[in-house]
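Coordinates in review
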Amino acid sequence: MEKNAKTIYLVDGTALVYRSYFAFIKNPLVNSRGEDTSASYGFSNTIMSLIRDRKPDYLAIAFDTRKATFRHEMYDAYKATRQKMPDELAEQLPRVREAAEAMGIPILEIEGVEADDVIGTLAVNAAAEGLNVVMVTGDKDFMQLVDGKIKMLSPAKNDLIGEDGVVEKFGVKPTQIIDLLSLMGDSSDNVPGVPRVGEKTAVQLLTEFGSLDQVLERFEEISKPSIKKSIGENREMALLSRRLVTIKTDVELPCKLDDLVFEGVSAERAREFFLEMEFTRLVEDVRHASEDIETPVNIVDDSGLESLMERLNSCELIAVDLETTSIDPMLAEIVGVSLAACDEAWYLPVGHSEGPNMDADRTLDALKGLLENPSVGKVGHNIKYDATILRRYGVETAPIVSDTMVAAYVLDPGSRGYSLDKLADTELHHGMQSITELIGKGKNQVSFAEVPVVDAARYSCDDAFTTLRLETALRPRIENEGMNELYEGLEMPLLTVLMDTEMHGVCLDQPFLAGLSDEFATMMADLEKQIYAAAGEEFNINSPKQLGVILFDKMGLKARRKTKTGYSTDIDTLTALVRQHELPGLILDYRQLAKLKSTYIDALPAMLNPETDRVHTSFNQAVAATGRLSSSDPNLQNIPVRTELGRQIREAFIAPQGYVLLSADYSQIELRIMAHMSKDALLTEAFVNGEDVHKKTASHLFNTFPVMVTDDQRRQAKTINFGVMYGMGAYALSEQLGIKRAEAKEFIDNYFATHSGVSAFIDTTVEEARKNGYVTTLLGRKRYVTDILSENRNVAEFAKRTAINTPIQGSAADLIKRSMIEMSKRLREEDIDAYMILQVHDELVFEVAEDQVERLTTLVREVMEGAMELDVPLVVDIGTGKNWLEAH
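A brief structural summary.

Moving on to unusual backbone geometry. Of note, the amide linkage connecting A398 to P399 takes the cis form, showing an omega dihedral of -5 degrees. Here P399 is to be found in the loop between α17 (383–392) and β12 (400–403). A cis amide bond links D633 with the next residue in sequence, P634, at an omega value of 0 degrees. Mapped onto the secondary structure, P634 falls in the loop between β17 (630–632) and α28 (644–650). Of note, the phi angle at N382 is positive, near 60 degrees, even though the residue is not glycine. What makes N382 partly exposed here is its relative accessible area of 29%.

Right under this line is the structure:
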């Protein structure tokens with residue numbers, strides 16, 4: 001499509017009405033008057049989304065009429081197989097037209113002419129006038145019109161389909177679609193095609209002969225006798241089909257292109273109609289659509305750089321966004337930089353393959369002065385990514401005063417995502433361009449460097465400008481919710497600490513991993529033999545379906561549940577079957593080895609950065625709803641530590657020459673926080689006196705002296721101590737301890753009888769969650785648990801368990817974040833040759849010079865044990881070693 005040209009969107013109204021109606025066929029939408037509104041709502045919602053997301057310059061909707069067309073005259077059976085429009089849908093058509101009129105969109109209907117031909121004529125005429133054309137339809141017939149200026153947009157997938165998309169979909173070019181349909185026919189329109197020729201055969205014929213005319217002329221050359229015979233006998237049927245499927249592009253239209261200019265939704269008329277129809281959400285969409293702000297776009301060149309920097313250096317706040325060549329901040333190269341302040345946005349192109357680039361060195365020097373200016377606050381969306389790249393280019397981004405992704409997370413940590421386009425939609429009702437529209441996806445994806453500067457500027461400026469608007473929208477809410485201290489005092493300072501940690505990275509013992517890979521491969525080969533022997537035959541061990549047949553059909557073991565594809569063979573199922581047969585246990589062992597080998601042992605060496613020769617994980621602030629950090633690319637927080645095999649992987653993380661690793665792990669932190677928050681006398685006493693808390697719990701549960709507590713009793717007490725924080729019931733406890741449910745219930749009852757503070761804390765927390773709709777941590781982090789009032793028992797019980805656990809686990813997360821911030825500050829102040837390299841749940845790992853271990857140990861203990869004042873002491877276990885396993 002031509003850059004900078006205006007775009008006309010032509011909607012296949014009839015197809016959209018059918019699609020809207022059948023989308024709600026199982027659960028029709030009915031308003032308070034008893035009126036079925038399924039079709040009119042689906043239609044209106046799609047059109048409003050199109051307007052919001054695509055911002056059409058021209059817009060029209062075409063409908064079929066009831067009068068027969070020239071195709072019916074040509075072929076009596078044309079569309080004869082189609083079922084009559086359901087009466088329920090026919091009754092809604094007037095409302096659909098009202099909806100279009102209320103939104104201010106022209107409707108095109110011509111008696112005796114199909115909507116396809118109206119759209120086809122408009123598409124060709126508009127393209128000839130220099131417009132880009134988008135046909136909004138899922139009908140494959142329209143693919144015959146697709147070319148450099150005409151594309152299709154499927155309402156179902158919201159994906160633009162161009163010439164490459166047609167080839168990918170059908171294996172032929174748009175110019176061959178008519179011939180393809182002529183050969184294969186079209187059952188939806190009852191176009192006959194050629195008997196015995198399906199889609200696959202039609203594509204093969206067109207690939208070989210090029211066109212329908214050539215197929216008909218040279219049919220004797222067709223190798224397959226049955227196809228050759230059918231083509232020879234049905235020549236006229238093929239030609240008739242071609243006339244039927246060919247969309248007319250010369251219909252006499254009742255309007256001019258200028259009549260289809262779209263000037264925006266008729267807000268008042270649309271609002272009145274949507275209110276009448278009770279389309280509440282669309283009423284809001286209309287309001288916000290009329291308020292949406294167009295993103296200003298300014299492309300900067302070398303001559304305008306100095307004046308722009310002078311202007312921006314006088315601003316209090318600017319938004320920053322980079323366009324790069326990679327999603328890995330340790331490898332990405334800068335293609336362009338967008339900046340936004342006040343009501344404007346600018347794009348600085350420095351690395352595009354073609355187009356007007358600025359001098360990169362001069363631009364970065366200017367940016368350095370701006371981004372390091374302490375009087376100019378910086379805001380971004382996931383700004384840690386941008387700041388990491390800029391630091392690699394020698395530019396520090398400071399002060400970072402806000403990250404809109406983190407701000408949205410703090411406000412609602414239970415949300416399903418904090419992407420910029422999603423927040424723009426939900427918070428600003430502003431539709432943003434998808435990155436895939438610019439760079440494509442899959443095998444057709446290109447580097448951002450290949451995106452034309454004009455398109456890149458529009459996209460990138462929208463990112464920076466929207467981020468600035470989000471900051472304006474979210475900041476007052478953070479203050480109103482009383483979360484300013486959590487956001488500004490904890491999450492924002494943590495952001496730069498995480499960046500330091502990520503950029504330093506971790507060393508790997510590559511020879512050790514190579515040896516471990518061979519060792520695991522040998523163990524897996526041995527297990528394969530044992531598995532085949534236990535099963536009595538060879539099968540695909542990685543196939544749940546084949547395993548299910550072996551376990552349940554052949555061996556007759558009792559299946560727990562079935563999935564759509566067969567028996568479930570997940571870890572819970574296999575674990576429950578271990579006592580019945582040796583095979584499930586062998587499979588579990590094999591799966592553990594396979595997962596560790598593929599996820600870590602073989603994957604980690606490939607993730608070494610070629611410049612630093614270290615692994616650089618990413619710590620994510622806006623993922624876990626409890627406030628915990630998560631780790632990705634690679635995920636170093638999920639390496640198993642309770643199994644010998646998992647612990648071996650930790651041995652691969654090493655210190656460089658002259659350094660050692662120091663691990664500092666909070667001891668029983670969640671139980672200590674429970675003791676503090678619940679004021680439970682037994683727990684508090686145990687921690688204050690330095691007693692074994694699990695042994696003390698066991699002594700009360702089993703009514704015996706602590707010295708008489710057995711290892712098994714201590715194990716059971718430990719399970720209960722931790723389980724109650726997660727709302728564990730009798731069933732779950734019985735499963736974990738391998739005891740009867742009645743016995744498990746008795747254990748729990750006895751626990752709450754002796755730990756009345758814990759019992760009261762749980763009751764109070766649940767009661768407040770039901771009253772407020774949320775729970776809070778010690779530092780005021782909120783997590784919403786509105787499902788606790790659900791009438792669905794399972795949903796409500798899950799929310800209840802979440803309400804009980806979140807204040808404990810969330811407070812532990814806040815604690816270690818506070819420790820990380822203070823440790824980073826003190827390491828700089830005291831000039832210790834040490835670096836924080838990992839955070840894993842309640843553990844911090846440092847890389848420290850051998851002669852600085854004692855200093856760091858003292859500092860770590862002071863900072864971590866003093867990070868929060870509780871009723872019970874905080875205790876940190878510290879160890880050192882040349883590798884992570886040895887240090888832990």
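Buried residues dominate strand β22 (residues 834–840), accounting for six of its seven residues. Connecting β22 to the next strand, strand β23 (residues 843–849), in antiparallel fashion are two residues, including H841 with a positive phi near 55 degrees.

Structurally, the position occupied by D186 is in the loop between α8 (177–184) and α9 (199–209). Among the residues examined, D186 registers a relative accessible area of 3% and is labelled buried. For D186, the residues in contact, after removing those within four places along its chain, are K140, D141 and V191.

This part takes up the sheet that holds strand β11 (residues 377–380). Remark on secondary structure: sheet strands pair via backbone hydrogen bonds, oriented parallel or antiparallel. Pairing in this open sheet of six strands is mixed, and the strands run β7-β10-β9-β8-β11-β12 from one edge to the other. Whereas interior strands pair on both sides, the edge strands pair on one side only; in this sheet they are β7 (298–299) and β12. Taken together, the six bridges between strand β8 (residues 317–324) and strand β9 (residues 334–341) define a ladder with antiparallel strand orientation. From the neighbouring strand, A319 faces β9, where its bridge partner is A340. Together, β8, β9, β11 and β12 form the strand contacts of α17, whose direction differs from that of β8 by roughly 70 degrees. The strands that helix α21 (residues 453–480) touches are β7, β8, β9, β10 (344–349), β11 and β12; relative to β8, the one it contacts most, it runs at about 140 degrees.

Judged by pairing direction, the sheet is antiparallel, and its four strands sit side by side in the order β22-β23-β19-β24 without closing on themselves. In the strand order of this sheet, the two ends are held by β22 and β24 (876–881), each with one partner. Direction aside, the axes of adjacent strands within the sheet are offset by 20 degrees on average. Both strand β19 (residues 659–666) and β24 contribute to a ladder of six bridges, which runs antiparallel. In the strand pairing of β24, S663 is matched with G879. Along the sheet face, helix α22 (residues 484–504) touches β22 and β23 and points at about 100 degrees away from the line of β22. The strands touched by helix α36 (residues 793–829) are β19, β22 and β23; relative to β22, the strand with the most contacts, the crossing angle is about 170 degrees.

Time to look at the environment of A319. Among the structural elements, A319 can be located in strand β8. Measuring from C-alpha to C-alpha, the distance between A319 and A464 comes to 5.5 Å, with 145 residues separating the pair along the chain. Not counting residues up to four positions away in its chain, the partners in contact with A319 are S338, L339, A340, V379, A464, T467 and L468.

This part is about the pattern of salt bridges. Under the defined criterion, the tally for this structure stands at 49 salt bridges. Where K745 meets D749, a salt bridge forms, and the shortest distance between an N and an O atom there is 2.9 Å. Taken together, the residues K745 and D749, both in helix α34 (residues 741–754) and four residues apart, mark about one turn of the helix. One salt-bridge network, in which partners are shared between bridges, spans R33, E35, R95, E98 and E276.

The next subject is the pairing of strand β2 (residues 58–62). With five of five residues buried, β2 lies mostly within the body of the structure. Along β2, one buried face is formed by Y58, A60 and A62 and the opposite face, lined by L59 and I61, is buried too. Pairing between β2 and strand β3 (residues 107–108): two bridges, direction parallel. For A62, the partnering residue across the bridge sits in β3 and is L108.

Two quantities define a packed helix pair, namely the angle between the axes and the distance from one axis to the other. The interhelical angle for the contact between helix α23 (residues 510–535) and helix α26 (residues 582–601), taken along N-to-C directions, is 155 degrees, at an axis separation of 9 Å. As the angle between them shows, α23 and α26 are arranged roughly antiparallel. By crossing handedness, the relation of α23 to α26 is classed as left-handed. When the residues that make up the contact of α23 with α26 are grouped by side-chain class, the tally is 18 nonpolar, two polar and four charged.

Right, let's talk about the side chain of D665 for a bit. Secondary-structure assignment places D665 in strand β19. One buried charged residue, D665, forms no salt bridge at all, with the nearest opposite charge on R650 at 6.7 Å. When near neighbours in sequence (up to four residues on either side) are disregarded, D665 contacts D842, E843, V875, V876, D877 and H888.

Taken together, the side chains of D147, E163, D164 and E168 present a region of like negative charge at the surface. Looking at the secondary structure, you find E163 in helix α7 (residues 163–170).

This brings us to helix α16 (residues 360–371). Across its twelve residues, α16 extends 16 Å between first and last C-alpha, which sits within 8% of the 16 Å expected from 1.5 Å per residue. Where α16 is buried, its residues touch α15 (305–312), β8, β9, β10, β11 and α17. With a side-chain oxygen positioned 3.4 Å from the backbone nitrogen of D361, the residue opening α16 is D359.

What counts as what
Residues numbered from 1 in each chain as written. Predicted model: local features only at pLDDT ≥ 70, side-chain atom pairs only at ≥ 80, totals over all residues. Heavy atoms only, no water. Helix = DSSP H or I, 4+ residues; strand = E, 2+ residues; numbered from the N terminus. Buried < 20%, exposed > 50% of the residue type's maximum accessible area, 1.4 Å probe, protein only. Pairing = 2+ DSSP bridges. Contact = heavy atoms within 4.5 Å. Axes fitted to C-alpha atoms, helices over the stretch in contact; angles between N-to-C directions. Salt bridge = Lys/Arg side-chain N within 4 Å of Asp/Glu carboxyl O. Parallel < 35°, antiparallel > 145°, perpendicular 65-115°, else oblique. Left-handed = near helix turned anticlockwise from the far one by under 90°. Nonpolar A, V, L, I, M, F, W, Y, C, P; charged D, E, K, R; others polar. Lys, Arg positive; Asp, Glu negative; His and termini not counted. Patch = residues over 30% accessible without salt bridge, like charges linked within 9 Å, V, L, I, M, F, W, Y side chains within 5 Å. Areas by Shrake-Rupley, 256 points an atom, 1.4 Å probe, with all protein chains shown as cover. Charge placed at Lys NZ, Arg CZ, Asp CG, Glu CD. Expected span 1.5 Å × (residues − 1). Polar contact = N/O pair within 3.5 Å; in protein donor to acceptor, adjacent residues only side chain to side chain.

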